[in-house]
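So the chains spell out like this:
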Amino acid sequence: MRERRRAATRLLVTGATGLVGRRLVADALAAGFDVTAAVRDAARAVGRVPDAARVVAVGDLGPATDWTAALDRVDVVIHCAGRAHVVDTDAAAGEAAFRRVNHLATVALAQAAQGRARRLVFVSSLKVLGEASPAERPWTGDEPPEPHDAYARSKVAAEIALETLHAEGRIDVVVVRPPLVYGPGVEANFLRLWSAVARGVPLPLGAVHNRRSLLYVGNLASALLTCATHPQAAGGRFVVDDGAPVSTSQLVRDIAQALGRRPRLLPVPTAVMRAAGWILDREAAVHRLVGDLAVDASALRTATAWAAPFTRAQGLAETAAWWWTRAPGRRPADNP
Ligand SMILES: NC(=O)c1ccc[n+]([C@@H]2O[C@H](COP(=O)([O-])OP(=O)(O)OC[C@H]3O[C@@H](n4cnc5c(N)ncnc54)[C@H](OP(=O)(O)O)[C@@H]3O)[C@@H](O)[C@H]2O)c1
């Protein structure tokens, strides 16, 4: 008798050219998923999406995006595409763009997926809960939303719409709310911190003993694949992290170690930093360095037995290896 092989889960990953999507597609292929990668523009997929994935271009996301081709023969959708890391000078235009891409396009995708896919995993953001978790009480994911900007408002609106579709039995939804994600390809503020540490810039962070959760992109990909397949994940709204929060001063030391550099930390009191942030109109930026933003991912672990496959040290080491490929002339041998 011929052996019957279990068919591979057919996965649609949106935002497949992004930091998260790239890693997710690679890990899903390695784990045996049959992967369709939705991208804005097919040319952007070249060199970013492995040949083993089926690439479908869906254009600029909005409520009228046509998802038909992308959803052809798909069991589960992981929706990573999103407008992120964008600073808008025109607040009203920014609000509208976040709403169109992160909220309305997500609802359109979920509606198109009904009756085709059995589950949609939505990559939301920890920012839906706010900018600061209470001291000594990490967020578990049960807290009410408290969005502070247009990005977070668009994610909250998408979450609410998706959870309504789940409650109505139209499609299984899982919401995942990552904190800051890092790994090869990281951009924005985290990249600036790496550059500062690599260049040996003295940082006034030596007296910062806060608690911030971070998430290595390999751990996020693993959590998303668990949420895509685990029966107990359906209907969940999960926070997730590398395992334990870290202070900004310790993070600088850890990054320096990963880069083979000596950390240069000045013990400036956080009250002085906050005052300087207020004077320079950079309060939010200072808060991101000195404030608490910690999660407790036990809900995901309890529901699915998920455990982060990588330690923070491993995630930082991989990020450092990528970082040096961008600056090959300044390898650790040049350490001052
Ligand atoms: N990185 C983090 O720290 C973090 C933390 C929490 C949550 N998240 C969420 O995780 C998801 C992935 O983030 P990421 O860091 O991978 O972001 P990213 O590197 O900026 O990638 C975003 C992806 O979405 C696509 N995209 C963005 N705007 C689009 C539009 N208008 N039309 C079509 N495609 C569009 C991008 O396509 P192009 O390549 O063509 O631009 C890219 O594939 C996002 O939903 C983000 O909100 C990220």
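I will try to describe carefully the structure that is included in this document. (Residues numbered from 1 in each chain as written. Predicted model: local features only at pLDDT ≥ 70, side-chain atom pairs only at ≥ 80, totals over all residues.)

1. Some points on the packing of helix α1 (residues 19-30) against helix α6 (residues 217-229)
No. 1: In the contact formed by α1 and α6, the axes pass within 9 Å of each other and the chain directions differ by 60°. Our classification of the angle between α1 and α6 gives oblique. Judged by the sense of rotation from one axis to the other, the crossing of α1 with α6 is right-handed. Note on element contacts: α6 touches α1 through V217, G218, L220, A221, L224 and L225, opposite L19, V20, R23, L24, D27 and A28.
No. 2: Residues of the contact of α1 with α6, tallied by class, amount to 9 nonpolar, 1 polar and 2 charged. (Axes fitted to C-alpha atoms, helices over the stretch in contact; angles between N-to-C directions. Helix = DSSP H or I, 4+ residues; strand = E, 2+ residues; numbered from the N terminus. Parallel < 35°, antiparallel > 145°, perpendicular 65-115°, else oblique. Left-handed = near helix turned anticlockwise from the far one by under 90°. Contact = placed C-beta atoms within 7 Å. Nonpolar A, V, L, I, M, F, W, Y, C, P; charged D, E, K, R; others polar.)

2. Focus on the nonpolar core
Nonpolar side chains in soluble globular proteins tend to be buried together.
No. 1: Ranked by size, the top nonpolar core spans 103 residues in total, and within it V13, A37, V176 and L224 carry the most contacts.
No. 2: Considering every element that reaches this core, the biggest residue donor is α6, with 8 residues. (Core = buried A, V, L, I, M, F, W, Y, C linked by C-beta atoms within 7 Å. Buried ≥ 20, exposed ≤ 12 C-beta atoms within 10 Å, placed from the backbone.)

3. Re the pairing of strand β2 (residues 34-39)
No. 1: Among the 6 residues that make up β2, 5 are buried, leaving the element largely enclosed by the rest of the structure.
No. 2: Sheet analysis places strand β1 (residues 10-14) next to β2, joined by 5 bridges and oriented parallel. Considered in β2, the bridge of V13 is made with A37.
No. 3: With 4 bridges joining them, β2 and strand β3 (residues 54-57) adopt parallel strand pairing. Looking at β3, one finds that T36 is bridged to R54. (Pairing = 2+ DSSP bridges.)

4. Describing the environment of E318
No. 1: Summarising the element assignment, E318 is placed in helix α11 (residues 312-326).
No. 2: The exposure class assigned to E318 is partly exposed, which follows from the 18 C-beta atoms found within 10 Å.
No. 3: C-alpha of E318 to C-alpha of G218: the two residues are 100 residues apart in sequence and 9.8 Å apart in space.
No. 4: Those residues in contact with E318 that sit more than four places away from it in its chain are G183 and P184.

5. Regarding the sheet that holds β1
No. 1: Read from one edge of the open sheet, 7 strands run β3-β2-β1-β4-β5-β6-β9, paired in parallel fashion. Bordering the open sheet on either side are β3 and β9 (237-239), each of which pairs with just one other strand. Averaged over all adjacent pairs, the angle separating strand axes in this sheet is 20°, with direction ignored.
No. 2: Together, β4 (76-79) and β5 (119-123) form the strand contacts of helix α3 (residues 91-113), whose direction differs from that of β4 by roughly 175°.

6. Some points on the site of the ligand
No. 1: With respect to spatial proximity, 23 residues lie near the ligand, and among them G15, T17, G18, R40 and G82 are the closest.
No. 2: Counting residues per element, the ones that place at least two in the shell around the ligand are α1 and β7 (180-182).
No. 3: For the shell around the ligand, a count of residues per class yields 11 nonpolar, 7 polar and 5 charged. (Near = placed C-beta within 6 Å.)

7. Focus on α3
No. 1: With 23 residues, α3 should cover 33 Å at 1.5 Å per step; its first-to-last C-alpha distance of 32 Å lies within 8% of that length.
No. 2: Of the positions making up α3, those classed as buried are F98, V101, N102, H103, L104, A105, T106, L109, A110 and A113.
No. 3: Against β4, β5 and α4 (150-167) lie the buried residues of α3.
No. 4: In the segment just after α3, G115 is the residue with positive phi, at about 80°. (Expected span 1.5 Å × (residues − 1).)

8. Remarks on the environment of A320
No. 1: Within the element layout of this structure, A320 appears in helix α11.
No. 2: A tally of 22 C-beta atoms within 10 Å means that A320 is categorised as buried.
No. 3: Setting aside residues no more than four positions away along its own chain, A320 makes contact with A258 and L259.

9. Regarding the environment of L24
No. 1: Locating L24 in the fold gives a position in helix α1.
No. 2: As a C-alpha pair, L24 and I78 span 54 residues in sequence and 9.1 Å in three-dimensional space.

These figures capture arrangement, not role.
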